[in-house]
Amino acid sequence: MQTKLSPIIAGTMNWGMWDKKLNTYEMAHIINVCVENKITTFDHADIYGNYTTEADFGKAFVQSKIAREKIQFVSKCGIQNIGARNNTIKHYDYSKNYIIWSVENSLKNLQTDFLDVLLLHRPSPLMVADEIAEAVEKLKKEGKIIDFGVSNFTASQTELLRQKTEISYNQVQFSATHHEPMLDGSFDYMQLHNIRPMSWNPLGTVFREDIEQTRRLKKLLVQLVEKYHLGSDTILLAWILKHPSKVIPVAGTVNIARIQSLMKAVELNLEQVDWFAIWTESMGNKVP
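Conventions used here
Residues numbered from 1 in each chain as written. Predicted model: local features only at pLDDT ≥ 70, side-chain atom pairs only at ≥ 80, totals over all residues. Heavy atoms only, no water. Buried < 20%, exposed > 50% of the residue type's maximum accessible area, 1.4 Å probe, protein only. Helix = DSSP H or I, 4+ residues; strand = E, 2+ residues; numbered from the N terminus. Pairing = 2+ DSSP bridges. Axes fitted to C-alpha atoms, helices over the stretch in contact; angles between N-to-C directions. Contact = heavy atoms within 4.5 Å. Salt bridge = Lys/Arg side-chain N within 4 Å of Asp/Glu carboxyl O. Phe/Tyr/Trp six-rings, centres within 6.5 Å; stacked < 30°, edge-to-face > 60°. Lys NZ or Arg CZ within 6 Å of the ring centre and 35° of its normal. Left-handed = near helix turned anticlockwise from the far one by under 90°. Nonpolar A, V, L, I, M, F, W, Y, C, P; charged D, E, K, R; others polar. Expected span 1.5 Å × (residues − 1). Arc of directions from axis to C-beta.

**Some details on the pairing of strand S3 (residues 72-77)**
Argument step 1. The element S3 is extensively covered by neighbouring structure, given that 6 of its 6 residues are classed as buried.
Argument step 2. Neither face of S3 is left uncovered, since the one carrying Gln72, Val74 and Lys76 and the one carrying Phe73, Ser75 and Cys77 both have all their residues buried.
Argument step 3. With 3 bridges connecting them, strand S2 (residues 41-43) and S3 associate as parallel partners. Among the inter-strand pairings, aspartate 43 is bridged to a residue of S3, identified as valine 74.
Argument step 4. By the bridge criterion, 4 bridges tie S3 to strand S6 (residues 115-120) in an arrangement that is parallel. Bridge assignment links lysine 76 to a residue of S6, and that residue is leucine 119.

**Section: the sheet that holds S3**
Argument step 1. Strand order around the closed barrel formed by 8 strands is S1-S2-S3-S6-S7-S8-S9-S10, with parallel pairing between neighbours. Averaged over all pairs of adjacent strands, the angle between their axes in this sheet comes to 30°, without regard to strand direction.
Argument step 2. Of the strands in this sheet, S3, S6 and strand S7 (145-151) touch helix H4 (residues 96-110), which is tilted by about 135° from S6.

**Quick notes on the pattern of salt bridges**
Argument step 1. In the structure shown here, the tally under the stated rule is 15 salt bridges.
Argument step 2. Between aspartate 233 and arginine 258 there is a salt bridge, and its shortest N-O distance comes to 3.2 Å. Highlighted residues: aspartate 233 in helix H9 (residues 232-241) and arginine 258 in helix H10 (residues 256-262), separated in sequence by 25 residues.
Argument step 3. With a relative accessible area of 15%, aspartate 233 lands in the buried category.
Argument step 4. Several salt bridges share partner residues, and in doing so they unite Glu104, Lys138, Glu142 and Lys144 into one network.

**Describing the packing of aromatic side chains**
Argument step 1. All told, the structure shown has 13 aromatic pairs when counted by the stated rule.
Argument step 2. Chaining the aromatic ring pairs together yields one cluster made of Phe174, Phe187, Trp239, Trp275, Phe276 and Trp279.
Argument step 3. Above the face of the phenylalanine 73 ring, arginine 68 is positioned so that its terminal group lies 4.3 Å from the ring centre.
Argument step 4. Lying across the ring of phenylalanine 114, arginine 68 places its NZ or CZ 4.1 Å from the centre.

**What to know about the packing of helix H1 (residues 24-36) against helix H3 (residues 53-64)**
Argument step 1. Following both chains from N to C, one finds H1 and H3 inclined at 65°, their axes separated by 8 Å at the closest point. As for the relative orientation of H1 and H3, their crossing is right-handed in sense. Facing H1, whose interface residues are Thr24, Tyr25, Met27, Ala28, Ile31 and Asn32, H3 presents Asp56, Phe57, Lys59, Ala60, Phe61, Gln63 and Ser64.
Argument step 2. Each residue belonging to the contact of H1 with H3 can be placed in one class, and the counts come to 7 nonpolar, 4 polar and 2 charged.

**What to know about helix H5 (residues 129-141)**
Argument step 1. Along its 13 residues, H5 runs 18 Å from first to last C-alpha, staying within 8% of the 18 Å computed at 1.5 Å per residue.
Argument step 2. Every buried residue of H5 is listed here: Ala129, Ile132, Ala133, Ala135, Val136 and Leu139. Looking down the long axis of H5, one finds its buried residues gathered within 160° of arc, a one-sided arrangement.
Argument step 3. Considering only its buried residues, H5 is in contact with H4, S6, S7 and helix H6 (155-162).
Argument step 4. Of the residues trailing H5, glycine 143 is marked for its positive phi of about 75°.

Interpretation note: all reported values are geometric properties and have no functional meaning in isolation.
Below is the structure:
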């Protein structure tokens with residue numbers, strides 16, 4: 001692992017046509033706000049915005065005037081969506097040629113010479129570890145990627161690839177409402193092999209009103225907000241950050257006030273009893 005990422009990553013999935021539909025000026029402004037607040041890593045995937053968001057971001061990155069060495073780019077490849085590239089069925093492609101082509105296409109779209117981290121987006125039953133390793137080693141040798149990892153992979157799926165090439169990251173779903181990775185062996189495995197977890201959807205479903213789990217959590221969060229004088233989202237991110245596997249949350253907000261408050265979670269040392277209180281309310285029962 002050679003990359004140094006920011007403690008919280010800015011997720012770009014909803015920046016483009018899938019949700020916020022930010023124009024170039026707006027996107028450049030958000031990039032600058034993130035960097036000003038020490039959030040220097042940006043998480044992408046080729047499929048975001050139906051294969052359009054990377055290029056939109058690339059234009060905004062150029063307009064932002066931020067030096068490439070001051071920020072880090074993460075991107076993912078492998079998912080072939082319906083309605084694009086003549087795909088008639090959603091599937092995965094991890095052939096050597098496709099991985100290399102996909103990275104080179106992402107570099108062109110992002111207007112950069114290299115990715116700090118390349119992730120395989122989701123595991124495929126047909127992936128061939130040797131072929132993936134050949135692609136990764138070629139891309140590293142050519143300086144087109146610095147580090148390599150996976151996303152949504154189990155421990156055994158990760159180990160299959162780790163036997164052939166270095167795995168530095170695994171981006172998984174993890175939050176106070178979705179805490180399986182710390183119970184199913186995923187985080188244990190990552191700690192054993194120096195693999196850094198990233199967490200997508202780090203706030204989970206805690207702000208939904210129609211789930212009993214979140215109703216319990218929200219009652220507790222009212223007390224914790226009063227105790228720490230910080231927002232619920234800050235406390236929930238601090239809960240993630242306290243895990244010893246050193247999880248990096250991927251925060252997808254484009255709300256400037258929320259971006260400005262994200263790093264407060266890094267500074268907050270959530271008391272152990274409060275960490276367990278959040279977990280207890282999420283489970284709906286005491287720890288075993």
